[in-house]
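If you want the building blocks of each chain, they are given just below.
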Amino acid sequence: MFDETVSILENKKVNHEYYKLVFSSKRLSAGVTAGQFLNIQIENHEGLLLRRPFSYYRIRGQKIEILYEILGRGTALLTEKRPGHTLKVLGPLGRAFTRDLKGKKRILIGGGVGVPPLLFLAEAAGKESPALSFLIGCKSKTEVLPKAELAGVKGEILYATNDGSYGKKGFVTALFENLLKREDPKTFFIQTCGPHAMMAAVMKIAKKFAVAGEASIDERMACGVGACLGCVVETKEGFKTSCVEGPVFSFQELVGYA
Ligand SMILES: Cc1cc2nc3c(=O)[nH]c(=O)nc-3n(C[C@H](O)[C@H](O)[C@H](O)COP(=O)(O)OP(=O)(O)OC[C@H]3O[C@@H](n4cnc5c(N)ncnc54)[C@H](O)[C@@H]3O)c2cc1C
Ligand code: FES
């Protein structure tokens with residue numbers, strides 16, 4: 001784990017929903033796998049804000065890309081940073097998604113800020129296990145990522161939008177149930193990241209069809225290193241920190257989530 005001051009190379013709007021932040025770091029980019037994250041300190045004029053966690057989205061050589069959306073004060077401030085501005089970045093942090101699914105077919109289910117780590121996983125995993133379905137839920141077409149961002153994904157990408165302006169109308173979980181009815185559910189492994197309600201619904205369906213999987217939990221974080229206990233989640237083995245022992249947990253581990 002390293003705490004580095006990095007210089008921003010790029011920070012711009014990608015579509016209605018997301019901004020892309022790019023910086024370069026040899027140490028923060030080495031040996032990273034999808035699901036891991038960085039804790040970024042965003043400074044304002046008066047002082048310092050707490051660090052905010054962001055998933056790795058893409059790594060090209062030593063260049064690190066983050067895809068983020070505005071949620072509150074910190075992420076709004078982040079959009080004002082320009083190339084040449086600096087940020088303190090701690091990472092790589094957390095437990096990653098499982099890469100080797102031992103022959104099972106991968107279903108990725110994402111929404112909102114859960115899409116970036118799954119896209120990283122889809123690009124990396126496609127080289128080893130090409131059988132992949134990536135289901136993405138959005139409110140409307142304006143949130144759909146530009147095609148160039150998805151060009152590295154080898155597999156089918158299916159969208160569901162709440163208003164029906166792109167892909168199938170409704171929730172992404174309907175796409176998921178359809179897939180499970182298409183083939184023997186036991187041949188699949190689910191990996192999900194997104195809003196709590198979406199992941200809880202995914203886990204309920206997975207339980208109904210007896211499909212294994214894992215979820216990257218979106219808990220509020222502060223230290224990112226297991227010290228403040230601000231991010232604990234209940235598991236079958238007791239409370240665990242989602243910053244160190246997660247954010248990725250198997251469906252069976254999580255208690256009272258779905
Ligand atoms: C492991 C991990 C990876 C993440 N990866 C990404 C990413 O790749 N891209 C991205 O855009 N965002 C990501 N997030 C979410 C991101 O950390 C939050 O959007 C950010 O911390 C919000 O900071 P803020 O100062 O803008 O909002 P704040 O002012 O801190 O909060 C605004 C509102 O949002 C709520 N909130 C804040 N953080 C969270 C959260 N984590 N979950 C649910 N509600 C929250 C607050 O309770 C408050 O109501 C990730 C979160 C985690 C835990
Ligand atoms: S954020 Fe402090 S223990 Fe996880």
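About the criteria used
- Residues numbered from 1 in each chain as written.
- Chains lettered and ligands numbered in written order.
- Predicted model: local features only at pLDDT ≥ 70, side-chain atom pairs only at ≥ 80, totals over all residues.
- Heavy atoms only, no water.
- Domains from an automatic or database assignment.
- Contact = heavy atoms within 4.5 Å.
- Buried area = accessible area lost by both parts, 1.4 Å probe.
- Salt bridge = Lys/Arg side-chain N within 4 Å of Asp/Glu carboxyl O.
- Helix = DSSP H or I, 4+ residues; strand = E, 2+ residues; numbered from the N terminus.
- Nonpolar A, V, L, I, M, F, W, Y, C, P; charged D, E, K, R; others polar.
- Buried < 20%, exposed > 50% of the residue type's maximum accessible area, 1.4 Å probe, protein only.
- Near = heavy atom within 4 Å.
- Polar contact = N/O pair within 3.5 Å; in protein donor to acceptor, adjacent residues only side chain to side chain.
- Areas by Shrake-Rupley, 256 points an atom, 1.4 Å probe, with all protein chains shown as cover.

Participant: What am I meant to see in the domain arrangement of the chain here?
Facilitator: The assigned domain composition of the chain is domain 1 (2–93) and domain 2 (105–216). For domain 1 and domain 2, the distance between their C-alpha centroids amounts to 24 Å. At the junction of the two partners, domain 1 supplies 18 residues and domain 2 supplies 15 residues. Summed over both sides, the interface of domain 1 with domain 2 buries roughly 1500 Å², with 57% coming from carbon and sulfur. When the buried area of domain 1 at its contact with domain 2 is split by residue, Tyr18, Ala34 and Tyr57 rank highest and sum to 33% of it. The interface formed by domain 1 and domain 2 includes 3 salt bridges. The partner of Glu149 in a salt bridge is Arg58, and the shortest N-O contact between them spans 3.1 Å. Per-element accounting of the side of domain 1 that touches domain 2 gives the leading share, 3 residues, to strand β5 (residues 58–60). Here the residues of the side of domain 1 that touches domain 2 are counted per class, giving 8 nonpolar, 5 polar and 5 charged.

Participant: Sorry if this is basic, but what is going on with helix α3 (residues 115–125) here?
Facilitator: Every α-helical turn comprises 3.6 residues, leaving residues that sit three or four positions apart pointing alike. Within α3, 11 of the 11 residues are buried, leaving the element largely enclosed by the surrounding structure. Listed as buried for α3 are Val115, Pro116, Pro117, Leu118, Leu119, Phe120, Leu121, Ala122, Glu123, Ala124 and Ala125.

Participant: How should the site of ligand 1 be read in this particular structure?
Facilitator: Taken together, the neighbourhood of ligand 1 is formed by 20 residues, with Arg52, Pro53, Thr75, Asp218 and Arg220 sitting nearest. The backbone of Arg73 places a nitrogen or oxygen atom 3.5 Å from an oxygen atom of ligand 1. Measuring from a nitrogen atom of ligand 1, one finds a side-chain N or O atom of Asp218 at 2.7 Å. Considering ligand 1 on its own, with 900 Å² of exposed area, one finds that the protein chains cover 78% of that surface. Going through the elements one at a time, β4 (48–55), β6 (63–68) and α2 (73–78) are the ones with two or more residues in the shell around ligand 1. No other element matches the 4 residues that β4 contributes to the shell around ligand 1. When grouped by side-chain class, the residues that make up the shell around ligand 1 number 10 nonpolar, 4 polar and 6 charged.

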